[in-house]
Amino acid sequence: MTPQLNVIGIVVSDMAASVAFYRRLGLEFPDADDNGHLEAALPGGMRLTLDTEAVIQSFHPGWQPPKAAGRLALAFQCANPAEVDAVYSELVDAGYHSELKPWDAFWGQRYATILDPDGNSVDLYAPLSD
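Note that the coordinates shown come from a computational prediction; the quantities given were computed from them, not determined experimentally.

Participant: Lay out the sheet that holds strand β7 (residues 121-127) in plain terms, naming residues and giving numbers.
Facilitator: Strands sit in the order β4-β7-β6-β5 across an open sheet of four strands; the sheet is mixed. Two strands in the sheet have a free side with no partner beyond their single neighbour: β4 (73-77) and β5 (98-104). In this sheet, adjacent strand axes meet at a mean angle of 20 degrees when their direction is disregarded. Bridge analysis of strand β6 (residues 109-115) against β7 gives seven bridges, and the strand direction is antiparallel. The partner of Tyr111 across the bridge, within β7, is Tyr125. This element, helix α3 (residues 81-93), spans β5, β6 and β7 of the sheet and lies at about 15 degrees to β6.

Here it is, written out as structure tokens:
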């Protein structure tokens, strides 16, 4: 068997804050925190998992949270450029940090970047034309 990517996992410092952020982007998490671990189903059978720092430290005692934002970036495709702007505005209005305001990227997409509660990049994009 060839290994297949099935899970994208994010270590979070505040489960409730992270769940609230990703729910605003349409991901569905169960209401109950399963001992510091939650999963949302993604298209194609993949899953996005959120684990608290305490969960990671429970099986990896030497693990320490990074001091700065990591190298993880998630990208959410929007239906059109107007939706990029609307979702971006909704998140900024809700108090999330804007990294890059919406702009028309030279590669043909409307593009914006917001930071999740742990400082991970979350990109919003849509093609500029059909």
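More follows now that the structure is in view.
Participant: Could you give an account of a nonpolar patch on the surface, with specific residues and numbers?
Facilitator: Together, Leu100, Trp103, Phe106 and Trp107 give the surface a local cluster of nonpolar side chains, amounting to about 470 Å² of exposed area. Mapped onto the elements, Trp103 comes out in strand β5. The class of Trp103 is partly exposed, set by a relative accessible area of 31%.

Participant: Please set out the side chain of Arg110 residue by residue, giving values where relevant.
Facilitator: Looking at the element boundaries, Arg110 is found in strand β6. In this structure Arg110 comes out as buried when scored by relative accessible area, which is 16%. Separated by 3.0 Å, the side chains of Arg110 and Asp104 make a polar contact. In contact with Arg110, other than residues within four places in its own chain, are Pro81, Val84, Asp85, Pro102, Trp103, Asp104, Leu124, Tyr125, Ala126 and Leu128.

Participant: Describe in detail the pattern of salt bridges, supporting the description with residues and values.
Facilitator: Evaluation of the coordinates by the stated rule reveals five salt bridges. The closest approach of N and O atoms between Glu90 and Arg24, which form a salt bridge, is 3.4 Å. Taken together, the residues span a long stretch of sequence, with Glu90 in helix α3 and Arg24 in helix α1 (residues 15-24) at a distance of 66 residues. For Glu90, a relative accessible area of 39% gives the class partly exposed. For the salt bridge of Asp104 with Arg110, the shortest nitrogen-to-oxygen distance reads 3.0 Å. Salt bridges sharing partners connect three or more residues here, namely Asp85, Asp104 and Arg110.

Participant: For the packing of aromatic side chains, give the residues involved together with the corresponding values.
Facilitator: Scanning the entire structure with this criterion turns up six aromatic pairs. Aromatic pair Phe106 and Trp107: ring centres 4.9 Å apart, planes at 80 degrees, arrangement edge-to-face. Taken together, a centroid distance of 5.4 Å and an interplanar angle of 80 degrees make the contact between Trp107 and Tyr111 edge-to-face. Looking at Tyr111, the relative accessible area reads 15%, which means it is buried. One aromatic cluster is present, built from ring pairs that chain together Trp103, Phe106, Trp107, Tyr111 and Tyr125.

Participant: Explain the nonpolar core residue by residue, including any values.
Facilitator: Core analysis: the biggest nonpolar cluster contains 26 residues, and Phe21, Tyr22, Leu25, Phe29, Phe76, Leu91 and Leu124 have the highest contact counts within it. Going through the elements one at a time, β1 (7-12), α1, β2 (37-41), β3 (47-52), β4, α3, β6 and β7 are the ones with two or more residues in this core. Every residue in contact with Leu124, bar those within four places of it in the chain, is listed here: Leu25, Phe76, Cys78, Val84, Val87, Tyr88, Leu91, Arg110, Tyr111, Ala112 and Ile114.

What counts and how
Residues numbered from 1 in each chain as written. Predicted model: local features only at pLDDT ≥ 70, side-chain atom pairs only at ≥ 80, totals over all residues. Heavy atoms only, no water. Pairing = 2+ DSSP bridges. Helix = DSSP H or I, 4+ residues; strand = E, 2+ residues; numbered from the N terminus. Axes fitted to C-alpha atoms, helices over the stretch in contact; angles between N-to-C directions. Contact = heavy atoms within 4.5 Å. Patch = residues over 30% accessible without salt bridge, like charges linked within 9 Å, V, L, I, M, F, W, Y side chains within 5 Å. Areas by Shrake-Rupley, 256 points an atom, 1.4 Å probe, with all protein chains shown as cover. Salt bridge = Lys/Arg side-chain N within 4 Å of Asp/Glu carboxyl O. Buried < 20%, exposed > 50% of the residue type's maximum accessible area, 1.4 Å probe, protein only. Polar contact = N/O pair within 3.5 Å; in protein donor to acceptor, adjacent residues only side chain to side chain. Phe/Tyr/Trp six-rings, centres within 6.5 Å; stacked < 30°, edge-to-face > 60°. Core = buried A, V, L, I, M, F, W, Y, C linked by side-chain atoms within 4.5 Å.

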